[in-house]
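Each chain, written out:
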Amino acid sequence: MDFNVKKLASDAGVFFTRAVQFTGEKFGQVEKTELDAHFENLLSRADSTKNWTEKIFRQTEVLLQPNPSARIEEFLYEKLDRTVPSRPNNGELLGHYMQDAAKDFGPGTPYGSTLIKVGDCERRLGGAQREFLQTSAISFLAPLRNFLEGDWRTISKERRLLENRRLDLDSSKARLKKAKLAESKAAAVPDFQETRPRNYVLSASASALWSEEVDKAAHELRVAQTEFDRQAEVTRLLLEGISSTHVNHLRCLHEFVEAQTAYYKQCYLHMQDLQKELGRFPNAFAGNPGLSMASSGSSPQGNATLPQDAASAVETDTLKIEEVQAPATGTRKAKVLYDYDAADTSELSLLADELITVYTVPGMDSDWLVGERGNQKGRVPVTYLELLS
């Protein structure tokens, strides 16, 4: 292998000179060129931006993907420039399990039909979550990552160059100061007495040599000062660009909030629809009084079910709410928790936060009560009420 020995020796000398200058500054033995206050503020602002951007980026990753193994896998796929394999998320997987269970239990049964409804809702929630993650990764995470891996690396590189230029500048200042001091000493030593002509010649020669050294050191200082000023200007422009970075991150933050708002709104609407659908499911239990009576222990035949005709007759009787009389005792006030739309004329529609009177009647399913509001009367689901003492 062909080595450039001269360049290698030069680089080693520069590195040694910078190390000596840096060590001297740490021990307070040499002077250090200080940057102006505005430049120092720009550096501090840039460091703060980098630190907080990194923390926000990492924590957002944890929020969007709590599984550390999945995050590592996505990171490896990204570094290998490969597409991350598509897998169902937790919500979608739960929805699949529920719907598969409904097929096994029977979609016509109350439990099976409820599993289908809830499973479908969970799958929609999982789909909304997947869309939210993709939108957030593109509109929020990607710009933060681009800053950390792109702009900040450029700024860090230029700052290191500026620090090296400053060390070279201070070394040149120290070299020039030393040369001038030696020159002044050499100029003061010559003896003009004729009895010592040899000392005079040697002193004059040394003075000339130090004069040349001063000129050389002054030239190196001018070069070092020019390079330092140029690098300081480049670094300053990059640091002032942090303001544009803040503006860009502000826009991305708004997009992230909008995506999060849309996601939670979708979740709320899906759950609200599911709740309304499940509010009608107790009808399935009310339609089988034998099951209700057996579960409550009120059936004279224990767990035996009634014939279909008898069940129909009992159901017809229970639906005639207008003939039910309120008991003399046992009525209670109840606060409505959620809006409820009556499924048929035997039920009473409810509005959230209103107060109604409720009571039970013999043979009625335990999941339902009779509710009264003025002249209106009908069955109401217990899960939509908060019973008051």
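Residues numbered from 1 in each chain as written. Predicted model: local features only at pLDDT ≥ 70, side-chain atom pairs only at ≥ 80, totals over all residues. Heavy atoms only, no water.

Student: Now, about helix α2 (residues 37-64): what can you tell me, with residues and values included?
Tutor: Given a rise of 1.5 Å per residue, 28 residues ought to cover 40 Å, and the 40 Å separating the end C-alpha atoms of α2 matches this to within 8%. Of the residues making up α2, those classed as buried are Phe39, Leu42, Leu43, Ala46, Thr49, Thr53, Phe57, Thr60 and Leu64. Between the side-chain oxygen at the start of α2 and the backbone nitrogen of His38 there is a gap of 3.1 Å, and the oxygen is on Asp36. (Helix = DSSP H or I, 4+ residues; strand = E, 2+ residues; numbered from the N terminus. Expected span 1.5 Å × (residues − 1). Buried < 20%, exposed > 50% of the residue type's maximum accessible area, 1.4 Å probe, protein only. Polar contact = N/O pair within 3.5 Å; in protein donor to acceptor, adjacent residues only side chain to side chain.)

Student: Give me the lowdown on unusual backbone geometry, citing residues and values where you can.
Tutor: For Asp353, which is not glycine, the phi dihedral falls at a positive 80 degrees. The residue Asp353 is located in the loop between β1 (332-336) and β2 (355-359) in this model.

Student: Any details on the environment of Pro107? Residues and values, ideally.
Tutor: Locating Pro107 in the fold gives a position in the loop between α4 (90-105) and α5 (110-188). On the basis of relative accessibility, which here comes to 49%, the residue Pro107 falls in the partly exposed class. Those residues in contact with Pro107, other than ones at most four positions away along the chain, are Ala102, Gly112, Ser113 and Ile116. (Contact = heavy atoms within 4.5 Å.)

Student: Please give an account of the packing of aromatic side chains that cites residues and values.
Tutor: The geometry of two aromatic rings is summed up by the distance between their centres and the angle between their planes. Under the criterion given, the structure shown has 8 aromatic pairs. Measuring from centroid to centroid gives 4.9 Å for Phe132 and Tyr263, while their planes differ by 5 degrees, and the two rings are stacked. Here Tyr263 lies in helix α7 (residues 242-279) and Phe132 lies in helix α5, a separation of 131 residues in the sequence. Both residues of the pair, Phe132 and Tyr263, belong to the buried class. Clustering of aromatic rings is evident, with ring pairs tying together Phe132, Phe140, Phe256, Tyr263 and Tyr264. Seen from the ring of Trp52, Lys55 lies directly overhead, with NZ or CZ sitting 4.7 Å from the centre. Over the ring of Trp368 we find Arg379; its NZ or CZ atom is 4.5 Å from the centre of that ring. (Phe/Tyr/Trp six-rings, centres within 6.5 Å; stacked < 30°, edge-to-face > 60°. Lys NZ or Arg CZ within 6 Å of the ring centre and 35° of its normal.)

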